[in-house]
Amino acid sequence: MTYKKLLTLLSICCFSSSSFAFLPQNSLRAGGIAVLPISEDVQQVSFQNMPVLLTHEAQKKYAIVGIPLSTPVGSVKVDTDQGPIHLDIQPYAYAEQHIQLKDQSFVEPSAEQLARYKQEAEEQQRIYHSFTPSTWNSFPRFIAPTPGKFSNSFGRKRFFNQEARAPHSGLDIPAPVGQKVVAPANGTVVGIGDYFFNGKTILVDHGQGLISMFCHLSEIDVTVGQHVIQGERIGLVGKTGRVTGPHLHWGMSLNDARVDPQLFLQK
Ligand SMILES: [Zn+2]
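Predicted model, so just to flag it, every value in this text is computed and none were measured. For every chain, the first residue of the written sequence is number 1, and numbering continues from 1 along that sequence. The model is predicted, so local features are restricted to residues of pLDDT at least 70 and side-chain atom pairs to those at 80 or more, both for listing and for counting; the totals for chains, interfaces and linings are taken over all residues. No hydrogens and no water enter the side-chain calculation; it runs on all heavy atoms of the structure.

## Considerations on the sheet that holds strand 4 (residues 53-57)
Next up, step 1: Two strands qualify as a pair provided that DSSP identifies no fewer than 2 bridges between them. Helix and strand definitions here come from DSSP, where helices need a minimum of 4 consecutive H or I residues and strands a minimum of 2 consecutive E residues; each element is numbered from the N-terminal end. Spatially, three strands are ordered 1-5-4 in an open sheet, and the strand pairing comes out antiparallel. What marks the edges here is a single partner per strand, and that holds for strand 1 (33-38) and strand 4. Here the strands of the sheet are splayed against their neighbours by 30 degrees on average, with no regard to which way each runs.
Next up, step 2: As judged from the five bridges shared by strand 4 and strand 5 (residues 60-66), these two strands associate in the antiparallel manner. What sits directly across from Thr55, in strand 5, is Tyr62. Interaxial angles span 0 to 180 degrees and are taken between N-to-C directions of axes, which are lines fitted to C-alpha atoms, for helices over the stretch in contact.

## Details of the UniProt feature "domain: Peptidase family M23 N-terminal" (unreviewed entry) in the chain
Next up, step 1: Sites flagged by UniProt as "domain: Peptidase family M23 N-terminal" (unreviewed entry) map to residues 31-81.
Next up, step 2: Between the first and last C-alpha atoms of residues 31-81 the distance is 25 Å; the span itself is 0% helix and 59% strand. UniProt positions are given in the numbering used here, feature names are shortened, and annotations may be inferred rather than shown by experiment.

## A few points about the coordination of the zinc ion
Around a metal, the idealised angle for a tetrahedral arrangement of four donor atoms is 109.5 degrees; for an octahedral arrangement of six donor atoms it is 90 or 180 degrees.
Next up, step 1: Here a donor is an N, O or S atom found within 2.8 Å of the metal, or within 3.2 Å if the metal is Na, K or Ca; sites may look incomplete because water is not among the atoms. Those donors, His168 (NE2), Asp172 (OD) and His249 (ND1), are the protein atoms that reach the zinc ion, and they lie 2.1 to 2.2 Å from it.
Next up, step 2: Along the chain, the residues donating to the zinc ion are arranged with the sequence spacing H-x3-D-x76-H. A residue pair is termed long-range when its members are at least 10 positions apart, and Asp172 in strand 11 (residues 171-174) and His249 in strand 19 (residues 247-254) qualify at 77 residues. Across the pair, His249 and Asp172 agree in class, each one buried. Throughout this description, buried means an accessible area under 20% of the type-specific maximum (1.4 Å probe, protein chains only), exposed means over 50%, and partly exposed covers the range between.

## With respect to the packing of aromatic side chains
Next up, step 1: Any Phe, Tyr or Trp ring, taking Trp's six-membered ring, that has another such ring centre within 6.5 Å forms a pair; planes under 30 degrees apart are called stacked, those over 60 apart edge-to-face, and the others tilted. Within this structure, the stated rule accounts for six aromatic pairs.
Next up, step 2: On the numbers, 6.1 Å between centres and 75 degrees between planes, the contact of Tyr94 with Phe154 is edge-to-face. On the criterion of sequence distance, the pair formed by Tyr94 in the loop between strand 7 (85-89) and strand 8 (96-99) and Phe154 in the loop between helix 2 (111-128) and strand 9 (157-160) is long-range, its members being 60 residues apart. Summarising the burial analysis for this pair, Tyr94 and Phe154 share the class buried.
Next up, step 3: Site record: aromatic cluster; members linked through ring pairs are Tyr92, Tyr94 and Phe154.
Next up, step 4: Lysine NZ or arginine CZ positioned within 6 Å of the ring centre and within 35 degrees of the ring normal marks a charge as sitting over the ring. Residue placement shows Arg141 over the ring face of Phe22; its charged tip is 4.7 Å from the ring centre.

## A short note on the sheet that holds strand 6 (residues 74-80)
Next up, step 1: If you walk across this open sheet you meet the four strands as 3-2-6-7, and the pairing is antiparallel. Because the sheet does not close on itself, it has two edges, and the strands there are strand 3 (50-51) and strand 7.
Next up, step 2: Pairing of strand 2 (residues 45-47) with strand 6 involves two bridges; the strand directions are antiparallel. In the sheet register, Ser46 faces strand 6, and the bridge partner there is Asp79.

This is the structure we're talking about:
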């Protein structure tokens with residue numbers, strides 16, 4: 001038996017609330033994930049009117065709840081068909097980031113650019129709201145979509161040319177143009193586009209409202225409806241859309257909440 005296999009077995013036998021073999025890390029903060037052990041009797045779970053992902057691990061049932069970045073600190077309620085579960089959202093200090101953009105249209109888009117953005121945002125919202133049955137037996141283990149040092153950029157409060165904008169909803173991985181981007185887990189390509197802010201983008205549905213997003217690509221190698229397997233090349237790193245340099249923007253959405261992608265990777 002390999003050391004890695006032994007570790008996996010140990011973590012299945014002796015798992016605690018914060019350490020699972022396959023499940024994401026439990027992190028009760030805005031932009032985090034709640035990994036909730038639930039009774040086998042629970043059939044339906046929802047959070048803020050969105051259906052919640054349910055899975056099994058080591059013969060136990062779990063609800064995996066995405067917590068939106070806009071969630072205030074304090075108690076929030078997860079609804080189940082067996083009664084509510086209360087979560088205590090903890091404070092978390094995300095950093096601030098001040099970005100100077102030479103192209104002012106990315107800070108104050110024209111009416112035409114805003115109309116384009118609105119349509120693109122609606123298309124992405126439709127995908128984030130979708131809920132397809134899962135095809136996995138246990139929660140998919142994720143790998144990083146491209147090599148590189150993760151800047152701790154998820155959740156940053158951003159100011160573009162001194163103007164406050166929405167917090168950063170993904171993780172930036174600085175990498176050279178042309179570096180390979182792979183599917184971090186099995187899934188189906190549900191959206192591709194060349195968006196105003198996000199540039200060339202791919203959205204992959206992993207099942208049960210778990211969607212990954214890859215932005216600013218220089219090349220897209222997949223088509224909508226295509227099934228991708230973990231590690232398969234889907235595109236190349238680029239610098240399309242609103243960027244200050246080449247990098248991969250990796251987003252993860254769960255029950256329409258943008259959550260920290262690092263929580264899906266093993267520590
Ligand atoms: Zn980004």
